[in-house]
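# A closer look at the structure
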Amino acid sequence: MASFALHGIGVSSGIAIGRAQLVSHATLEVAHYAIPHAKLDAEVARFTNAIAEVRRELEGLHTAMTGGDAPAEFGAFLDVHWMILNDGTLSEVPKKIIVEQRCNAEWALSQQMSVLVEQFDEIEDPYLRERKADVVQVVERILKRLMGKPGLAAAAGAEHQTILVAHDLSPADVIQFKQHRFGAFLTDVGGVTSHTAIVARSLAVPAVVATHNARQLIRENELLIVDGTNHVVIVNPDKSVLAEYRLKQTELGLEKAKLKRLKTKPARTIDGELVELHANIELPEDLEQALENGATGIGLFRSEFLFLHREGLPTEEEQFEAYRAVAAGMGGLPVTIRTFDLGADKDKEGLGGLVRVAPNPALGLRAIRFCLAEPKLFQTQLRAILRASHYGKVRILIPMLASVAEIDQTLAMIAHAKETLREQGVPFDSGVEVGGMLEIPAAVLAMGSFLQKLDFLSIGTNDLIQYTLAIDRSDDAVSHLYDPLHPAVLRLLMLAIGGANKAGVPIAVCGEMAGEQQLTRLWLGMGLRNFSMHPAHILGIKQRVLTSEVGSLRPIIERMRRTDDPAKLIGLLDKLNAQ
Ligand code: PEP
Ligand code: MG
């Protein structure tokens, strides 16, 4: 059998070696046939049964998740699928189509899906448009029931290293990775920010998406190597390649086990510099993973996730409970709550049109701009955060600040929220620190007033790179241009860290760059001592810190500062890592 490689986007790192299991794509296989008048009732009943079975299937997944070790995102995905399944447009309209067109249930359902998908295609907002995939995934589930081909449940008891190859997979399908111990997955479609990718990352299962035609090219049971770190899938590897990857895999396994032992060890460089390694979380449930990995604080609580996957706005009380749980759960360690970063890709249907669909959402009414335009909503959040500050060490972090006026308005809003609490005799920490995110080049280039007015800073590299290089971070078509090592990006980072250190204002980094091991020494050499990242990355970064000597890094950083040549920059980075 010929060996070949497929390239895609590695959305979850690691190596898996195993046999392919193809996942059928039911929507591509729908037959169309007429139903005699006398059998229409039975056909409608067949459809109703399939819906009921999928309901049970989703309920089963819900119950399986209450075991506790499933990431919090799963619940949210299942809720979305549950809502779609129970919406009349999907569970009722096809019955009418069966009767009116005298057609089979599968055909009626796929007709209705086309109508719904077309409606989604017309939505400009990328977040809402992405929900189209959820509709298709729910339809797939129903179709598989109708066709007598249950979904992944058939793979129960599959051997450890079974690799799923699919055109697309729903997050709910991916959940079953945990139960059935699949080794990895690869899909034809998808992007880094797709829900399925997020779930795969939180399960630490290697995954490569956007392979375009893996589902067509790979045959059932073929031997595969999935290298999520290097974005590649090798089909039918020869003996030497296989041996090489087996070795790599063993090394990775040993590495992981060794890292666990570092949990309580302070992150100190060889020359004695103490480094704080904080966790990024999205929901209070993520706290557990942060603690398990020895986070010494929460550096970024993306509070807007309290908005997503729910109807309506969370009340002050609901928000207070969420913030209090995290503040208390961290037992006195810092908990940095970022105020809502809504808008752009984190839009929300349930806001009842509050967040309008902007012509260019990433440059529109997003984050602090949106909060200042919605003072009532912002006050509610600020009160909830301040109330939670009584139960732990809470800090407030403001996203997307660009100008002094925004800082002043925000501080005035916080002062007002404090005032209302004082009047009502509600306790809060009056010394709660307020920090700003550096995500817009303008903020870094004119950071004097940020340093004067704010207690701490945090660099959001995901957005800082997006806005510096004018590259939409959610657009696959330009993802190859998204370059953290662009000289302009490095210069901004050096400026920000140098400026903050000189002024004695604490500065951290909380973008994805913080969790990349090959960049740890770059950060340390630039003077950074506080990192915040996905909890799964903390121990790996700690190991890098423990084996680094800051003193010897600085001269190389100086040379990096002086060059605009990307090849030289890469060479110098290699030099840092070879130290
Ligand atoms: C960032 O922009 O780097 C960041 C941490 O915020 P988010 O990814 O939520 O925009
Ligand atoms: Mg950001």
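All figures in this text were calculated on a predicted structure; none of them were measured in a lab.

Cut-offs used in this document
- Per chain, residues are indexed from 1 in the order of the written sequence.
- Written order decides the labels, with chains lettered from A and ligands numbered from 1.
- This being a predicted model, a pLDDT of at least 70 is required before a residue's local features are given, and a value of 80 or more before pairs of side-chain atoms are given or counted; all residues contribute to the totals for chains, interfaces and linings.
- Remark: hydrogens and water are excluded; side-chain values derive from all non-hydrogen atoms of the structure.
- With a 1.4 Å probe rolled over the protein chains alone, any residue whose accessible area is under 20% of its type maximum counts as buried; one over 50% counts as exposed, and the rest are partly exposed.
- Starting at the N terminus, helices and strands are each numbered in turn, a helix being any DSSP run of H or I of at least four residues and a strand any DSSP run of E of at least two.
- Each metal's donors are the N, O and S atoms within 2.8 Å of it, or within 3.2 Å when it is Na, K or Ca, and because water is not part of the set, sites may look incomplete.
- A carboxyl oxygen of Asp or Glu within 4 Å of a side-chain nitrogen of Lys or Arg is what we treat as a salt bridge.
- Here a strand pair is declared whenever DSSP counts at least two bridges between the two strands.
- All axes here are fitted lines through C-alpha atoms, helices being fitted over the stretch that makes contact, and every angle between N-to-C directions spans 0 to 180 degrees.
- Throughout, a residue-residue contact means that at least one pair of heavy atoms, one from each residue, lies within 4.5 Å.

Before going further, it helps to spend a moment on helix α18 (residues 461-469). α18 sits mainly inside the fold: 8 of its 9 residues count as buried. Downstream of α18 by one or two residues, Ala 470 has phi in the positive range, about 55 degrees.

The protein atoms donating to the magnesium ion (ligand 2) are Glu 439 (OE) and Asp 463 (OD), with metal-donor distances spanning 2.0 Å. Residue Glu 439 is located in the loop between β13 (433-438) and α16 (441-445), and its partner Asp 463 is located in helix α18; the two are separated by 24 residues in the primary sequence. The exposure classification of Glu 439 matches that of Asp 463, with both residues buried.

Before going further, it helps to spend a moment on the pattern of salt bridges. Enumeration over the complete set of coordinates arrives at 23 salt bridges. A single network of salt bridges, built from pairs that share partners, joins Glu 304, Arg 338, Asp 341, Arg 366, Asp 463 and Arg 473.

A separate point is the sheet that holds strand β8 (residues 232-235). An order of β1-β8-β7-β3-β4-β5-β6-β2 is seen for the 8 strands of this open sheet, with the pairing classed as mixed. Each end of this open sheet is capped by a strand with a single partner; those strands are β1 (4-7) and β2 (9-12). Strand after strand, the sheet turns through a mean of 30 degrees between neighbouring axes, direction not considered. One ladder, built from 4 bridges, connects strand β4 (residues 162-166) with strand β5 (residues 184-187); its direction is parallel. Opposite Val 165, over in β5, you have Leu 186 as the bridge partner. Along the sheet, helix α10 (residues 239-260) contacts β3 (15-22), β7 (223-227) and β8; its crossing angle with β3, the most-contacted strand, is approximately 115 degrees.

The buried fraction of helix α21 (residues 538-546) is high, at 7 of 9 residues. Within α21, burial applies to Ile 538, Leu 539, Gly 540, Ile 541, Lys 542, Arg 544 and Val 545. Against the buried residues of α21 lie α10, β9 (276-281), α20 (520-526), β16 (530-533) and α23 (566-578).

Before going further, it helps to spend a moment on the environment of His 534. Assignment of secondary structure puts His 534 in the loop between β16 and α21. Remark: the alpha-carbon pair of His 534 and Gly 515, spanning 19 residues in sequence, is separated by 7.0 Å. Residues contacting His 534, with those up to four places away along its chain left out, are Asn 280 and Gln 289.

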